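# Structural overview for review
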Amino acid sequence: MITNIGKPFERLGGTLVNPAIVLPAALPLDLCGESIRARLIMFTDHNNQDMALRPDLTLPVALAEIERLAGGAVRGEQVHRYQARAFRQPIISDEPMEFVQVGFERFGAASGHETDAETYALVSEAALAAGARDGVARFGDLGLMPGFIDLLDLSPATKAGLVRAFREDGGVKAFLDRSDSAASAFVRGLAGLDRDGIEAKVAERYAAEGIEHFSDRTTGEVITRLMEQAHEVENGAVPELARETLETVLRLQCPPAEAADTLRTIARKAGIEAGAADMLDRLELRYRLISETAPQFLGNAQFSPSFGRRFTYYDGFVFEIAGTGERRAHPFGAGGRYDHLLRDLSQGRVDATAIGGVIRPDRLALARESGR
Amino acid sequence: MSALTLAIPSKGRLKEKSESFFAAAGYTLVQDGGERGYRARLEGADGVSVLLLPARDIAQGLIDGAFHAGITGEDLLHEQAETPGRQAVVIKRLGFGGADVVVAVPNCWLDVSTLTDLDAAGALFRQTHGRRLRVATKYMRITRRHFAKASFGEYRLVYSAGATEAAPASGAADMIVDITSTGATLAANNLKILDDGVLLKSQASLTVSRPADWTQPARTALGDLCKNLRLDHGADAFVAKL
């Protein structure tokens, strides 16, 4: 049965790949942060280096694509398909440590609502062909919250802090609440100073307290951050309207067909409707196309701008399809867009749009059984 | 055959203080095979056998259910348990062996006094150096749990079994999470504790193991022991929940 699941993905062309199973653990840990450590199957090699089994196919396939592009390959669309094992520590004990993923990663195709919708439709079609019936889709878009943050009238440091905080549980609220509290006396004493002025204050304090610099983190970095902190003190806390806007977007959960209009209303209240128009149009067009081409799992579908924010690769459209009831927490289909990953992973050496979709046949089989 | 097995630290101040704790209630610790034996009994407590073990092994044994109760550090219980408090339940904090698990950074980082500052510093660091800030610690789980709760994600863990406070100066890591009682060692290594950097206030604790084999005689023996140690409340509550 497994051999047929990836059939719809063949229409994208490309080749079937099976990249390295063993990776340096530093790769997923640097990319996703320590939150993923509890999920990695790790071991120590003969040189005492931490290694990990691939937690999914996206990461090793993206690394292979970086190598291909960095080697001077012709740019343009490239599709890698796979039907291969991945390895993860289960969150709940009845999940296997070793499982198969059937999916594809598509690089260099136009990043727009058509390719977003096509990715979802392919995963939906594959799940349907494999016998899934009672699935429910969940949608998100990890570009929306950063998009709203960017449109608000906030300092660059505050914007950057909010975008980071968005990816952490309870992060935005913690960040906004912190903005209200007072900065350290030292930082408040720096208000109004330019870089040279702050540098002088830092030298003064180092001398007074007998502090010597001894860290890979340079004094230049310390000064840059002090400038940003002093600037935030001058500008005061995040204004009430901006705060309310962010909290409303973050909390939003609605049927996907209503998402664009609801967000337009929020944007209008915040006075950023014009700036938000393009991303909300894309959201609307994407879902319209999805409902026309792949209506199967949309019955009780939900949309939320914060859905999927813990999946650190993704930075745009994201989706999951899961069974109902107790299978709801174990999606059998998933996918999303990660246009920035190749650039970040290669430290800017290569850059290509990216989107992928995947089926978990083991979970699909369980969802099918419990749906009977 | 004893009804209840109790584990207490096998050496150092923790052992001495544990002995005094039992002596105050009229129990004398008698080691089989003299000072070096690892089996003992409490004179005055029939049906209780004692194991003398390293504090780390006691924490693990309590989590696994290898014995009924024991005295160990809360830092070890929090570090070694996937979900602290689920398998090993503290019924009495004993007021000795106190120390804090703290986050400490180089004192030259004048811009960093909270975890939120650290997150921003870490993001800029990653942009500048192409890697995340490295945190040296032997408390991998406590650190990960607490940093996730504090929405701080810009770091990588580096395991450090000892002399952790030297890691930033040697370049093995950028900052540390370590245990300290006075903070003097940190200061001597030019490190400062963050304002919100106390992750755990730990002390030696009498702890019972939920997954241990709780026969009726074991419950009775724990109840009797705790009554004499004047810990009725904690033990009752625990035995009632078994």
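In this text, all values refer to a predicted model and were calculated from it rather than measured experimentally.

Calculation notes
- Position numbers for residues count from 1 along each chain, tracking the sequence in the order it is written.
- Chains carry letters and ligands carry numbers; both start at the beginning, A for chains and 1 for ligands, and go up in the order they are written.
- In view of the model being predicted, local features appear only for residues whose pLDDT reaches at least 70, and side-chain atom pairs are presented and counted only at 80 or more, with totals across whole chains, interfaces and linings using the full set of residues.
- A domain assignment, automatic or from a database, supplies the domain bounds used here.
- Two residues form a contact once the distance between their C-beta atoms, set from the backbone, is within 7 Å.
- For the purposes of this entry, the term helix denotes a DSSP run of H or I that reaches at least four residues, the term strand denotes a run of E that reaches at least two, and both are numbered from the N terminus.
- With C-beta atoms placed from the backbone, a residue is buried if 20 or more other C-beta atoms are within 10 Å of its own, exposed if 12 or fewer are, and partly exposed between those counts.
- Inter-axis angles, ranging from 0 to 180 degrees, are taken between N-to-C directions of lines fitted to C-alpha atoms, where helices are fitted over the stretch in contact.
- Should the near helix be turned counterclockwise from the far one by less than a right angle, the crossing is left-handed, whereas a clockwise turn marks it as right-handed.
- Polar here means any residue other than Ala, Val, Leu, Ile, Met, Phe, Trp, Tyr, Cys and Pro, which are nonpolar, and Asp, Glu, Lys and Arg, which are charged; Gly is therefore polar.
- Here, a strand pair is defined by DSSP locating no fewer than two bridges between the strands.
- The term nonpolar core refers to a group of buried residues, namely Ala, Val, Leu, Ile, Met, Phe, Trp, Tyr and Cys, whose C-beta atoms join them within 7 Å.

What follows covers the domain arrangement of chain B. How big an interface is tends to be expressed through the accessible area that disappears when the partners come together. Residue and element names in this part refer to chain B. According to the domain assignment, chain B consists of domain 1 (4-98 + 203-241) and domain 2 (99-202). Of note, the centres of domain 1 and domain 2, computed from C-alpha atoms alone, are 32 Å apart. Contacts between the two partners involve seven residues from domain 1, matched on the other side by nine residues from domain 2. Of all the elements, helix α3 (residues 74-80) adds the most residues to the side of domain 1 that touches domain 2, at four residues.

Bringing the environment of Ile-91 of chain A into the picture now. Residue and element names in this part refer to chain A. Within the secondary structure, Ile-91 sits in the loop between β5 (78-87) and β6 (98-107). On the basis of neighbour count, Ile-91 is assigned to the exposed category, with 10 C-beta atoms found within 10 Å. Sequence spacing of Ile-91 and Ala-38 is 53 residues, and the spatial spacing of their C-alpha atoms is 8.7 Å.

Residue and element names in this part refer to chain A. The N-to-C vectors of helix α9 (residues 195-209) and helix α10 (residues 219-235) enclose an angle of 115°; their axes lie 10 Å apart at closest approach. The handedness of the crossing between α9 and α10 comes out as right-handed. When α9 is examined against α10, the residues Arg-195, Ile-198, Glu-199 and Val-202 are found in contact with a partner set consisting of Thr-219, Val-222, Ile-223, Leu-226, Met-227 and Ala-230. A per-class count over the contact of α9 with α10 returns seven nonpolar, one polar and two charged.

The next subject is unusual backbone geometry. In most cases, non-glycine residues show a negative phi, while peptide bonds are predominantly trans. For Gln-347 of chain A, which is not a glycine, the phi torsion comes out positive at approximately 50°. Its place among the elements puts Gln-347 of chain A in the loop between α14 (341-345) and β11 (354-359).

Our focus in this paragraph is the interface of chain A and chain B. The interface of chain A with chain B comprises 37 residues on the first partner and 31 residues on the second. At the level of elements, α2 (26-32), α6 (156-166), α7 (171-180), α9 and α10 of chain A are the ones that each hand at least two residues to the side of chain A that touches chain B. Of the residues assigned to the side of chain A that touches chain B, the class counts are 12 nonpolar, 11 polar and 14 charged.

Take the sheet that holds strand β9 (residues 317-322) of chain A next. Residue and element names in this part refer to chain A. Sheet architecture is open: eight strands sit in the order β1-β5-β6-β11-β10-β9-β7-β8, paired in mixed fashion. In this open sheet, the two strands that pair with only one neighbour each are β1 (15-16) and β8 (302-303). Judged from the two bridges that link them, strand β7 (residues 136-141) and β8 form a sheet pairing that is parallel. For Phe-139, the partnering residue across the bridge sits in β8 and is Phe-303.

The next thing to look at is the nonpolar core. Ala-62, Ala-126, Ala-127, Phe-148, Phe-332, Ala-354 and Ile-359 of chain A are the most contacted members of the largest nonpolar core, which has 77 residues in total. Both domains that meet at this core, namely domain 1 (2-19 + 54-144 + 254-371) and domain 2 (154-238) of chain A, each give it at least three residues. Not counting the four nearest positions on each side in its chain, Ala-126 of chain A is found in contact with Ile-5, Gly-6, Pro-8, Phe-9 and Ile-359 of chain A. With 42 residues, the next largest nonpolar core counts Leu-190 and Leu-226 of chain A together with Val-105 and Leu-199 of chain B among its residues.

The next thing to look at is the sheet that holds strand β3 (residues 39-43) of chain B. Residue and element names in this part refer to chain B. On the basis of which strands lie adjacent, the open sheet formed by seven strands has the order β2-β3-β4-β1-β5-β12-β6 and mixed pairing. In this open sheet, the two strands that pair with only one neighbour each are β2 (28-31) and β6 (88-93). Here the strands of the sheet are splayed against their neighbours by 35° on average, with no regard to which way each runs. With four bridges joining them, β2 and β3 adopt antiparallel strand pairing. Bridge pairing in β3 places Thr-28 opposite Glu-43. Running at roughly 135° to strand β1 (residues 4-9), helix α1 (residues 12-23) makes contact with β1, β2, β3, β5 (69-73) and β12 (204-209) of the sheet. Each of β1, β4 (48-53), β5 and β12 touches helix α8 (residues 216-228); the most contacted strand, β1, lies at about 50° to it.

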